[in-house]
Number of protein chains: 2
Amino acid sequence: MLDSIPSFARLVAELAKFPGIGKKTATRLAFFLLRQPRAEAEALAGAILELKEKIGFCSRCFHITESDPCPICTDPGRDEGLLCVVEQPQDLIAIERSRSFRGRYHVLQGALSPLDGIGPEQLRFVELLQRLKGSAVRELLVATNFTVEGDATALYLAGQVRPLGIRVTRLAHGIPTGSDLEFVDDATVNRAVEGRRDL
Amino acid sequence: MLDSIPSFARLVAELAKFPGIGKKTATRLAFFLLRQPRAEAEALAGAILELKEKIGFCSRCFHITESDPCPICTDPGRDEGLLCVVEQPQDLIAIERSRSFRGRYHVLQGALSPLDGIGPEQLRFVELLQRLKGSAVRELLVATNFTVEGDATALYLAGQVRPLGIRVTRLAHGIPTGSDLEFVDDATVNRAVEGRRDL
């Protein structure tokens, strides 16, 4: 079986560490790599090593970046008065993809979750407050997730930032584009009715 | 977006080459790697490179192996009179896992599929016939898959090997363990009735 091919078993074990990838899928991926030309496998291994070598966090906004400060922080075409707070780099990327925001960002690297031992000290709150003090920021757009943790983080942020005289806003909560009302969950419909707007 | 982080984009592109892994899953895996300690990423990259360096095909049975001939071919405890033919190394591993067979193997590295241009010359048929001639093999157990290609390969094999005076058998075709008859497909029930046995 696999015990007699230790290098294969080792790769399967490494691949199975990925979230959502079990032993069966890992075996399938390993067999795929085995059939690929050596150059393909080397390209993948090289990309993994390069990721850890080149990517770090921006010292201003804490987004992932190859240069510090990151290209978004140094882009002169962005509005200094608008700052968007997100939980993770993935969230920042989603907002950039929507092409709807031309300000700057701050990545908290998580959300408040007291049950998991994540308080403000575990996140990039201190750095955010330091950025805001004496800055040109007029509006802080809170784009944390619409989960219990994201809601708690948004409320905490509002309490900390409003005293600085900065407007605090949050992404609209409602029915997503393309949905049938019939299949949208109750909590979302509830929030959409509460947040209804004049046509 | 991702264009500004080329090393990240490159890893996502490499991971998305895996079968069944799209761009979204690849991005999720890349973010996971980013959060892992450097040693973990190096272990994965190392395992990929080691796979291509160490693993080749056994020159006797064409199973994957780190040593040639492979541990199964050199195991003195196996019955030389029994040879099991499979399509792929995965199939051999499945039979070994079942602990039901103590003979040797021959991996064809595929199945006949004229529409895809795969004839006997593209598979390890010649090597199989050479192994059989003048050997101690009494029985050839054909364990190709129960697909159109696997069936065709089994028939072709039987036609080639029977003239050598070797008994040719095939895995039993029927209802799998743990199934409800109600949910088994018609073709399988049909074969199970045809192949019924005395109790």
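Rules used in this analysis
Residues numbered from 1 in each chain as written. Chains lettered and ligands numbered in written order. Predicted model: local features only at pLDDT ≥ 70, side-chain atom pairs only at ≥ 80, totals over all residues. Heavy atoms only, no water. Least-squares fit on C-alpha atoms with pLDDT ≥ 70 in both. Contact = heavy atoms within 4.5 Å. UniProt positions renumbered as here; feature names shortened; annotations may be inferred. Helix = DSSP H or I, 4+ residues; strand = E, 2+ residues; numbered from the N terminus. Expected span 1.5 Å × (residues − 1). Buried < 20%, exposed > 50% of the residue type's maximum accessible area, 1.4 Å probe, protein only. Pairing = 2+ DSSP bridges. Right-handed = clockwise from strand over helix to strand, strands pointing away. Domains from an automatic or database assignment.

**With respect to the relation of the copies chain A and chain B**
- For the pair chain A and chain B, the relating rotation is 180°, the translation along its axis is 0.0 Å, and the fit reaches an RMSD of 0.0 Å. Such a turn and shift between the copies fits a two-fold axis. The position closest to the rotation axis in chain A is occupied by the C-alpha of A45(A), lying 2.2 Å away.
- Comparing contact sets, 100% of the residues at the interface of chain A also lie at the interface in chain B, consistent with an isologous, same-surface contact.

**Description of the UniProt feature "zinc finger region: C4-type" (unreviewed entry) in chain A**
- Under the UniProt annotation, "zinc finger region: C4-type" (unreviewed entry) lies at residues 58-73 of chain A.
- The span residues 58-73 of chain A is 19% helix and 12% strand, and its two end C-alpha atoms sit 8 Å from each other.

**Description of the environment of R10(A)**
- Tracing the chain through its elements places R10(A) in helix 1 (residues 6-15).
- When the C-alpha atoms of R10(A) and A45(A) are compared, they prove to be 15 Å apart, with 35 residues separating the residues in sequence.
- Once you skip the residues sitting within four places of it in the chain, R10(A) turns out to touch A43(B), G46(B), A47(B) and E50(B).

**Here we look at helix 2 (residues 23-35) of chain A**
- Under the 1.5 Å per step criterion, the end-to-end length of helix 2 of chain A is 19 Å for 13 residues, consistent within 8% with the ideal 18 Å.
- Burial in helix 2 of chain A covers these residues: A26(A), T27(A), L29(A), A30(A), F31(A), F32(A), L33(A) and L34(A).
- In this fold, the buried residues of helix 2 of chain A make contact with helix 1 and helix 3 (38-54) of chain A together with helix 3 (38-54), strand 2 (64-65) and helix 5 (89-97) of chain B.

**Details of the pairing of strand 4 (residues 103-107) of chain A**
Residues and elements named next belong to chain A.
- Strand 4 sits mainly inside the fold: five of its five residues count as buried.
- Pairing analysis gives five bridges linking strand 3 (residues 79-86) to strand 4, with the strands arranged parallel. Note on strand 4: the bridge partner recorded for D79 is G103.
- With helix 5 (residues 89-98) bridging strand 3 and its parallel neighbour strand 4, the resulting β-α-β unit is right-handed.

**As for the domain arrangement of chain A**
- According to the domain assignment, chain A consists of domain 1 (2-53) and domain 2 (79-170).
- For domain 1 of chain A versus domain 2 of chain A, the distance between C-alpha centres works out to 37 Å.

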